[in-house]
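# What the coordinates show
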Amino acid sequence: MRKRLRKPIKKEKDFSDKILKILAQNPNKGFNYKQIGATLELDDTQSRNQIIKDLKLLAAAKKIIETEPGKYLVKAISQDYYEGIIDMTGRKTAYFICPDFEEDVFIPTNNLNRALDKDKVKVYVYNRRKGKRPEGEVIEVVERAKTDFVGVIDIQKNFAFVSTANPKMYTDIFIPKDKIGEAEQGDVVLVHIEDWPKRADSPFGRVEKVLGKPGEHDTEIHAILAEYGLPSEFPIEVETFAQKIDTTIQESEIAKRRDMRDTLTFTIDPKDAKDFDDALSFKKLENGNFEIGVHIADVSYYLEEGTILDDEAYQRATSVYLVDRVVPMLPEVLSNFACSLRPQEEKYTFSAIFELDAKAKVVNQWFGRTVIFSDQRFAYEEAQYIIETKDNTIPIETSITGSSYVVADEIVEATLKMDELAKILRRNRMNEGAISFDKVEVKFNLDKEGEPEGVYFKIAKDANHLIEEFMLLANRKVAEYIGKQKKTFIYRIHDEPNEDKLIAMQNVIAKFGYKIDFRNKGDISKSLNALMEEVSGKKEQNLIDTLAIRSMSKAKYSTDNIGHYGLAFDYYSHFTSPIRRYPDVMVHRLLQFYLDGGKSVDEETYETKCLHSSTMEGLATNAERDSIKYMQVKYMQNHEEQEFLGVISGVTEWGIYVEIIENKCEGMVRIRDIKEDYYTFDEKQYALVGATSHNLLQLGDEIYVKVKNADLVKKQLDFHFIRSNNQ
């Protein structure tokens, strides 16, 4: 006899979350069970009965209110609804970041409901039981973080799609036929999202601008700028306005300023610099002390508030230093000419003048507008040569003039004395708990077409530190002068390091035999300095420098002064670079206003400006980083047959990241491409382990690699694993 199969018991569906979502999206409208059923497209009796049951349960749990018999509203303030920011992963899922939660709330793909990376959203949070990771569903996109995206267009007969290279952008963008514009198949374009209809899989957009063909140098650089909403040129009306500014030096204006033209003054800058923000003056006083003047381009004299030029500078907030070009905050007529403190020219400046004793202690200080005459322009390499050799003849191989030349004795003497004072200032700062991050900067030698010919590393030496210390002194003393008056000001603040990130860093560096002292914040800074010194010149230096920087809080602008942890200053501002940073322009204006006896300005107005400046700085930093990655990939494209020795800089379940020692280019070796054994990821050892050989591939190990793929559009490198370096 055949056994009768039992019918599986149908599990009742729970519509609670969907009901809450509908009510939350319509907070002022009451719904009955029929309206909810219609919204969910359910009209069978079983589903309707379940909706009635769920409505009663939610009302009993006080999550919704029965306003009249059978009609329900979401509670005005529900403890399960939160506002925060979406942080997308590269796997089409996201985390919801909200200060109300200790850990980020997981958002599965089907709960994103059209939210994109960094959008401000309202989320319903469930799974809040102990031991379970909270999960959520996006109820509403409150504010889009961005609506402009860069991608490659794929044109069909009646429409097109634009797909981006950004792994966090999980959808392509639908472009109707009439909004394709001048774009051709395969072009890199800038698109603007106009709408995302409820039932559409993709947002709808229009092509704003055609950037060029993928892989072309200018296309990719413009794409980087466009991706972050950064401009590549000035509007014609701004350029025209700038050209009309009177940039001549007037006797009537000199009369209003402290005249420093007879005081020995010079600049020290990178050899390829065109905008000279700052100059130093030096005078030995009769009492044996030294008068050091920190003279900064008086940008605020030319940049009048309320003009289209000032509006443009504020919107940009910073110059952007890409690998092959500078996108300036100010038009060239100001940045490279009128404001730039060029040699053998009279210039208007805003100055911080200090009297220092032989121990670099500030005895007197003065702030105000000045006029200077720069006697000499040095590159860092030339000043460094003087510091190292005490010689006044700059050799041809160091000279930026193209030939050997003799420096005046008084300039040599001034350079050596200021170097001596700068070293004392630096030592004092370190003793106070400042952290020394001298991270190696990757630079490229480019040919006339902008193609990378070679890589070199920029390392800060004594000449760099000389300038740095006097700029820090000016920035600190200006902030202190206003801060002690309790008036609204723009500070550059830096919070204490994030302890979780420090612990994560400790777990990594322990594999190299290093450790951090966590006992108090003073110990942390001393411990980090000792670590930086210990790793200097070692293969793992770049990795550990990067981890240390990432463990730090981000410095930002604010009217609320909490001090600067990294520099160990109670007061700090940005005063010294107004050609390339708008906050410095605001600092100059406020300082002059207060010097003239002005009362404290509105804090809220300036806090908004600080937030904008910090945001723009972050975008510029991302663009700069992307341009370096792009150039690294381009450089490696030309070295596909070459073997490189690299250091394992990251280990994941899908492969290892490798940083090449000689040029700092980083790429990935995928686990499936390591043929010498079958490797699996061991999370505890933070290593890949060979199944047969039990060989470990772990952080800091040296391996030989070759380029497998260099993707200019994604700015990604893939490597072939050749062998371990077991010498």
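### Details of the confidence of the model for the chain
For the chain, mean pLDDT is 91; residues scoring 70 or higher make up 96% of the total. Across residues 1-11 the pLDDT falls below 50, and counting only partners more than four positions away or on other chains, this stretch makes zero contacts in the model.

### Points about a negative patch on the surface
Taken together, the side chains of D560, D602, E603 and E604 present a region of like negative charge at the surface. Structurally, D560 is set in the loop between β27 (556-558) and α16 (582-595). Residue classification places D560 among the partly exposed positions, given a relative accessible area of 48%.

### Re the nonpolar core
Counting 146 residues, the largest nonpolar core has F470 and I656 as its most contacted members. The residues touching F470, leaving out its near neighbours within four places in the chain, are L280, I292, V294, L356, M418, L421, A422 and L425. With 32 residues, the next largest nonpolar core counts Y82, L116, A183 and V191 among its residues.

### What about the side chain of E382?
Tracing the sequence through the fold places E382 in helix α10 (residues 380-389). As a buried residue without a salt bridge, E382 has its nearest oppositely charged side chain in R377, at a separation of 6.1 Å. In contact with E382, other than residues within four places in its own chain, are R377, I394, T398, S399, I400 and Y405.

### Thoughts on the sheet that holds strand β32 (residues 687-690)
Taking strand neighbours across the sheet as the criterion, the three strands line up as β31-β32-β33 in an open arrangement whose pairing is antiparallel. The outermost strands of the open sheet, each flanked by one partner alone, are β31 (679-682) and β33 (696-698). Taking each pair of neighbouring strands and ignoring which way they run, the sheet shows an average axis angle of 25 degrees. Relative to β32, β31 runs antiparallel, the two sharing four bridges. Counterpart to Y679 in the pairing with β32 is G690.

### Quick look at the pairing of strand β2 (residues 71-74)
On β2, burial follows the alternation: Y72 and V74 on one face are buried, whereas K71 and L73 on the facing-out side are not. Linking strand β1 (residues 64-68) to β2, which pair antiparallel, is a turn of two residues; within it G70 sits at a positive phi near 80 degrees.

### With respect to unusual backbone geometry
With the exception of glycine, most residues fall at negative phi, and the peptide bonds are largely trans. A positive phi angle is found at K92, which is not glycine, with a value near 65 degrees. Look at K92 and you get partly exposed, because its relative accessible area is 46%. Although it is not a glycine, K664 sits at a positive phi angle of roughly 65 degrees. If you trace the backbone, K664 turns up in the loop between β29 (655-660) and β30 (666-670). Since its relative accessible area comes to 17%, K664 is described here as buried.

### Comments concerning the pattern of salt bridges
The final tally for this structure, using the stated rule, is 42 salt bridges. Taking the shortest distance from any N to any O, the salt bridge between K179 and E194 comes out at 2.7 Å. Within this pair, whereas K179 is found in the loop between β10 (173-176) and β11 (188-195), its partner E194 is found in strand β11, the two being separated by 15 residues in sequence. Residue E194 is classed as partly exposed on the basis of its relative accessible area of 37%. Put simply, E253, K256, R257, D298 and R369 are held in one network by salt bridges that share partners.

### Some words on the sheet that holds strand β13 (residues 258-259)
Taken together, seven strands build an open sheet; the order of strands is β13-β20-β19-β16-β15-β14-β21 and the sheet is mixed. The sheet is open, and its two borders are formed by β13 and β21 (376-379), each paired with just one other strand. For strand β19 (residues 346-356) and strand β20 (residues 362-373), the ladder comprises eleven bridges, and the chain directions are antiparallel. Within β20, the residue paired with E346 across the bridge is F373. Across the face of the sheet, α10 comes into contact with β14 (265-269) and β21 while running at roughly 90 degrees to β21. Here helix α11 (residues 409-431) sits on the sheet and contacts β14, β15 (278-284), β16 (290-297), β19 and β21; the angle it forms with β15, its principal contact strand, is near 100 degrees.

### As for a positive patch on the surface
On the surface, K439, K501, R550, K554, R625 and K629 cluster together to form a positively charged patch. Locating K501 in the fold gives a position in helix α13 (residues 499-509). According to the relative accessible area criterion, K501 is partly exposed, its value standing at 43%.

### Digging into the environment of V713
Structurally, V713 is set in the loop between β34 (702-711) and β35 (716-724). For the pair V713 and G368, spaced 345 residues apart in sequence, the C-alpha separation works out to 49 Å.

### With respect to the packing of aromatic side chains
According to the stated counting rule, one finds 19 aromatic pairs in the structure shown. The interplanar angle of 80 degrees and the centroid separation of 5.6 Å between the aromatic rings of F159 and F161 together place this pair among those described as edge-to-face. Residue class for F159 comes out partly exposed when judged on its relative accessible area of 29%. What makes F161 partly exposed here is its relative accessible area of 27%. Seen from their ring centres, F354 and F367 are 6.4 Å apart, and the 85 degrees between their planes marks the pair as edge-to-face. Linking F354 in strand β19 with F367 in strand β20, this pair joins segments that are 13 residues apart in sequence. Linked through ring pairs, F159, F161, F174 and F204 together constitute an aromatic cluster.

The rules behind each value
- Residues numbered from 1 in each chain as written.
- Predicted model: local features only at pLDDT ≥ 70, side-chain atom pairs only at ≥ 80, totals over all residues.
- Heavy atoms only, no water.
- pLDDT = per-residue confidence, 0-100.
- Contact = heavy atoms within 4.5 Å.
- Patch = residues over 30% accessible without salt bridge, like charges linked within 9 Å, V, L, I, M, F, W, Y side chains within 5 Å.
- Areas by Shrake-Rupley, 256 points an atom, 1.4 Å probe, with all protein chains shown as cover.
- Salt bridge = Lys/Arg side-chain N within 4 Å of Asp/Glu carboxyl O.
- Lys, Arg positive; Asp, Glu negative; His and termini not counted.
- Charge placed at Lys NZ, Arg CZ, Asp CG, Glu CD.
- Helix = DSSP H or I, 4+ residues; strand = E, 2+ residues; numbered from the N terminus.
- Buried < 20%, exposed > 50% of the residue type's maximum accessible area, 1.4 Å probe, protein only.
- Core = buried A, V, L, I, M, F, W, Y, C linked by side-chain atoms within 4.5 Å.
- Pairing = 2+ DSSP bridges.
- Axes fitted to C-alpha atoms, helices over the stretch in contact; angles between N-to-C directions.
- Phe/Tyr/Trp six-rings, centres within 6.5 Å; stacked < 30°, edge-to-face > 60°.

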